[in-house]
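For reference, the chains in residue letters:
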Number of protein chains: 2
Amino acid sequence: MVIGRLSLYLRELQLVLGANKDTISSSTLARRLGLTASQVRKDFAYFGQFGYPGVGYRCDELIQKIRSILGTERVWPVALIGCGNLGQALLGYRGFGNQGFSVVAAFDKQPGLIGKNFEGLTVQHMDELGDTAKSRNIELAILAVPASAATEAAQEIVAAGISGIMNFAPVTLKLPPSVSKVGVDLAIELEQLAFSVLAKQRTKDRL
Amino acid sequence: MVIGRLSLYLRELQLVLGANKDTISSSTLARRLGLTASQVRKDFAYFGQFGYPGVGYRCDELIQKIRSILGTERVWPVALIGCGNLGQALLGYRGFGNQGFSVVAAFDKQPGLIGKNFEGLTVQHMDELGDTAKSRNIELAILAVPASAATEAAQEIVAAGISGIMNFAPVTLKLPPSVSKVGVDLAIELEQLAFSVLAKQRTKDRL
């Protein structure tokens, strides 16, 4: 949970620094994120002392520290698996680059897609994943194939020696314990949103 | 947390039913999702009794029950705000339709996009959002604009009377308490993945 909040702090500190403010107080940072100031101070204290009395936190210092904890003070080369609609959109997504991730290779199995160029990358055949992963030091993969192809693709990703998979397919992947995963199931997010909207309506109807 | 798991159960039960199995035991369902059987039974007991001794759960019955809890036994009309790369990919994303969501209108402010047709929808100007939301009973919006445009777009969504926003922009939205939100920040998900990969490497290096 703390690790999840570190990402939020990082994003907010980058915005603050982008607005030419060098420091921020725990209470301002907390308010911007809908947290309490004591929660913010507790989170940072957990990783060491960063604050300056009467000044607050130095944004650049805190950004660097959070990045070193998260492991994103360097750039992670990432492989995109699946170059359909969603994959192509992810290639165009600018948010990754700013945060230390660079999609350096894209793969698919559809003959019609292989060799095509998207955002400066030429789509390669999945058979080349292992070699490319090795030569480009790729440790992370974004899996954006249809549900029916996800399990097989995940096996190929693992066989290629990649250690982390961000899975967009609506399938629960079974992976060896040495491989990490995060699942982004957009329909599940929408369901949670719908439930929240409905819960508020139900509460209102009851009042 | 239970609500989050209901979505996972629902997805898995749909796969089971799709494979022509009418019933499932709590232990099988648990194993498929990496949970314990007692957790599964506890979750379902929380909402009433669904299991049959010696049979397990009837998939169709449980699917219907979960959908009625989540509010997705009906179809929610959804507005897409932002029709760039990501927005267009989301329009093509097939996962929403199966789960009770239908993107029925798409909006943007870029003159070059308005009037264009994607996946059968004609992009409308944001100025029409309020009228369309009313006439189509739209309660949910998917926000897929750049970070710089997100705050203003969110205000327009709220002004249009929409009660839930799924936000893809890497910005923490400030919304009235009557409006629900879920944030999908893809860079944050990748950060969490990178941290998990790194944590495993650090543990291994220490051994």
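Here the residue index of a chain counts from 1 through its sequence in written order. By the order in which they are written, chains take letters starting at A while ligands take numbers starting at 1. Per-residue local features are limited, in this predicted model, to residues with pLDDT of at least 70; the limit for side-chain atom pairs, both in listing and counting, is 80 or more; totals at the level of whole chains, interfaces and linings are taken over all residues. Processing note: side-chain calculations cover all non-hydrogen atoms of the structure and skip hydrogens and water entirely.

**Student:** Lay out the pattern of salt bridges in plain terms, naming residues and giving numbers.
**Tutor:** Residues and elements named next belong to chain B. The rule for a salt bridge is simple: a side-chain nitrogen of Lys or Arg has to be within 4 Å of a carboxyl oxygen of Asp or Glu. In total, this model carries 14 salt bridges over all chains according to the counting rule given. The salt bridge involving E12 is made with R32; its shortest N-O contact spans 2.8 Å. Highlighted residues: E12 in helix α1 (residues 2-18) and R32 in helix α2 (residues 26-33), separated in sequence by 20 residues. The buried label goes to any residue with under 20% of its type's maximum accessible area, the exposed label to any with over 50%, and the partly exposed label to all in between, with areas taken from a 1.4 Å probe on protein chains only. Judged by its relative accessible area of 5%, E12 falls in the buried class. E139 is the partner of R74 in a salt bridge, and the nearest nitrogen-oxygen pair spans 3.2 Å. With a gap of 65 residues between them, R74 in the loop between α4 (59-70) and β3 (76-81) and E139 in the loop between α7 (129-135) and β7 (140-143) connect regions that are remote in the sequence. Classification of E139 by relative accessible area gives buried; the value is 18%. In DSSP terms, a helix is any run of H or I states spanning at least four residues, a strand is any run of E spanning at least two, and both are numbered starting from the N terminus.

**Student:** Before we move on, can you summarise the pairing of strand β8 (residues 164-167) of chain A with the specific residues and values?
**Tutor:** Residues and elements named next belong to chain A. Taking every second residue as pointing to the same face, both faces of β8 are buried, with G164 and M166 on one and I165 and N167 on the other. DSSP-based pairing: two strands are paired if at least 2 bridges between them are found. Here four bridges tie strand β7 (residues 140-143) to β8, and the two strands are oriented parallel to one another. Across the sheet, residue L143 finds its bridge partner in β8, namely N167. Taken together, β7, helix α8 (residues 147-159) and β8 form a β-α-β motif whose crossover is right-handed. Handedness of a crossover: with both strands directed away from the viewer, a clockwise path from the first strand across the helix to the second marks it as right-handed.

**Student:** So what about the relation of the copies chain A and chain B? Which residues, and what values?
**Tutor:** Alignment of the copies relies on least squares applied to C-alpha atoms, considering only residues that score at least 70 for pLDDT in both. After a rotation of 180° and a shift along the axis of 0.0 Å, chain A superposes on chain B with an RMSD of 0.0 Å. Here the copies are linked by what is in effect a two-fold axis. Among all residues of chain A, the one whose C-alpha sits closest to the rotation axis is A89 of chain A, at a distance of 2.9 Å. The contact definition used throughout considers only heavy atoms, calling two residues in contact when any of these lie within 4.5 Å. Most of the interface of chain A is mirrored in chain B, where 100% of its interface residues again form contacts.

**Student:** Give a detailed account of the interface of chain A and chain B, specifying residues and quantitative values.
**Tutor:** With 61 residues of chain A at the contact, the number on the chain B side is 61 residues. Two parts placed together each lose some accessible area; with a 1.4 Å probe, that loss summed over both constitutes the buried area. Of the roughly 5200 Å² buried between chain A and chain B, counting both surfaces, carbon and sulfur atoms make up 66%. Seen at the junction of chain A and chain B, the total is four salt bridges. The partner of R11 of chain A in a salt bridge is D185 of chain B, and the shortest N-O contact between them spans 3.5 Å. We define a polar contact as two N or O atoms separated by no more than 3.5 Å, with the added condition that, inside protein, one atom must be a possible hydrogen donor and the other a possible acceptor, whereas residues neighbouring each other in sequence contribute only through side-chain atom pairs. At the boundary of chain A with chain B, the tally comes to 23 residue pairs in polar contact (both at pLDDT 80 or more). Here the side of chain A that touches chain B gets 16 residues from one element, more than from any other, and that element is helix α9 (residues 186-206) of chain A. Its residues assigned to classes, the side of chain A that touches chain B shows 32 nonpolar, 17 polar and 12 charged. Polar here means any residue other than Ala, Val, Leu, Ile, Met, Phe, Trp, Tyr, Cys and Pro, which are nonpolar, and Asp, Glu, Lys and Arg, which are charged; Gly is therefore polar.

**Student:** Talk me through the sheet that holds β3 of chain B; I want residue IDs and the actual numbers.
**Tutor:** Picture the strands of a sheet paired through backbone hydrogen bonds; they go either parallel or antiparallel. Residues and elements named next belong to chain B. Read from one edge to the other, the open sheet built from seven strands follows the order β5-β6-β4-β3-β7-β8-β9, with strand pairing classed as mixed. Of all strands in the sheet, those bounded by a partner on one side alone are β5 (117-118) and β9 (180-183). A fitted line through C-alpha atoms serves as each axis, taken over the contacting stretch for helices, and the angle formed by two N-to-C directions is quoted from 0 to 180°. On the sheet, helix α8 (residues 147-159) packs against β3, β7 and β8 (164-167) and is oriented at approximately 170° with respect to β7.

**Student:** Just give me the short version of the environment of V123 of chain A, but keep the residues and values in it.
**Tutor:** Structurally, V123 of chain A can be placed in strand β6 (residues 121-125). With residues near it in sequence (within four places) discarded, V123 of chain A still touches C83, A106, F107, D108, L113, I114, G115, K116 and F118 of chain A.

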